[in-house]
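# Inside the fold
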Amino acid sequence: VRKRLREKSIPFTFAGWKLWFDDMRINTLHRTRLNELYNVLDLSLVSSRSEAGPHAILEAAAAKCPQLSSRVGIAEDVLLPSQIYDYDDVDTAVAKIEDDILTGNLKANCPENYATVLSRHTAESCAKSYQEVYSMALAIGEEK
């Protein structure tokens, strides 16, 4: 990604060690540092085509950071429809970013995103659901 950004002369800041190999294990920042970085962002942008989580959506919401995401992972579970775009619809993403620069509407969604994380995506909020799932699984095992 950094190579392509340089090729396109797109300014960026990289918070990590610049290595020539896959740096995932070395350049994974501590959650405290991530929180600090989310708190200085004007906008967190997830532009993935596919993603398991992604954690960035939960992390940015927990830090009350404005965000925009492609329709990926848990985006639709945490973010409002106005914060989501189809990954191949760059024009819509750009329009939403431009609108946010003028209106700050993505920042206005932060309290609701934060509340969603607290109510649906913490260990405490998920505990009852996990207990129910494991209880059903154990009951099925006992029937055999």
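That block above? That's the structure.
In what follows, the accompanying structure is described. Since this is a predicted model, take the numbers as computed values, not measurements.

### A look at the packing of aromatic side chains
By the definition in use, this model includes one aromatic pair. Note on Trp20 and Phe21: the rings are 5.2 Å apart at their centroids and 85 degrees apart in plane angle, and the pair reads as edge-to-face. The exposure class assigned to Phe21 is partly exposed, which follows from its relative accessible area of 36%. The residue whose ring lies beneath Arg2 is Phe14, and the NZ or CZ to ring-centre distance is 3.9 Å.

### A short note on the sheet that holds strand E3 (residues 84–85)
Strand order in the open sheet formed by three strands is E1-E2-E3, and the pairing between neighbours is parallel. Only two strands of the sheet have a single partner each, and these edge strands are strand E1 (44–46) and E3. Pairing of strand E2 (residues 67–70) with E3 involves two bridges; the strand directions are parallel. By the bridge assignment, Ser69 is partnered in E3 with Ile84. Packing of helix H3 (residues 55–62) onto the sheet brings it into contact with E1 and E2, and relative to E2 it is tilted by some 165 degrees.

Rules and cut-offs
- Numbers given for residues are sequential positions, taken from 1 along each chain in its written order.
- Only residues with pLDDT of at least 70 get local features here, since the model is predicted, and only at 80 or more are side-chain atom pairs given and counted; chain-wide, interface and lining totals rely on the full set of residues.
- Excluded from the side-chain calculations are hydrogens and water; all other atoms, namely the structure's heavy atoms, are used.
- Pairing of aromatic side chains requires ring centres within 6.5 Å, counting the rings of Phe and Tyr and the six-membered ring of Trp. Pairs whose planes differ by under 30 degrees are stacked, by over 60 edge-to-face, and all others tilted.
- Burial status follows relative accessibility: with a 1.4 Å probe on protein chains alone, a residue under 20% of its type maximum counts as buried, one over 50% as exposed, and anything between as partly exposed.
- Any Lys NZ or Arg CZ found within 6 Å of a ring centre and within 35 degrees of that ring's normal is scored as a charge over the ring.
- Paired strands, as defined in this entry, are two strands with at least two bridges between them according to DSSP.
- Numbering of helices and strands runs from the N terminus, with a helix taken as a DSSP run of H or I at least four residues long and a strand as a DSSP run of E at least two residues long.
- Note on contacts: a residue pair is in contact if any heavy atoms of the two residues lie within 4.5 Å.
- To define axes, lines are fitted to C-alpha atoms, for helices over the stretch in contact only, and angles between the resulting N-to-C directions are given on a 0 to 180 degree scale.

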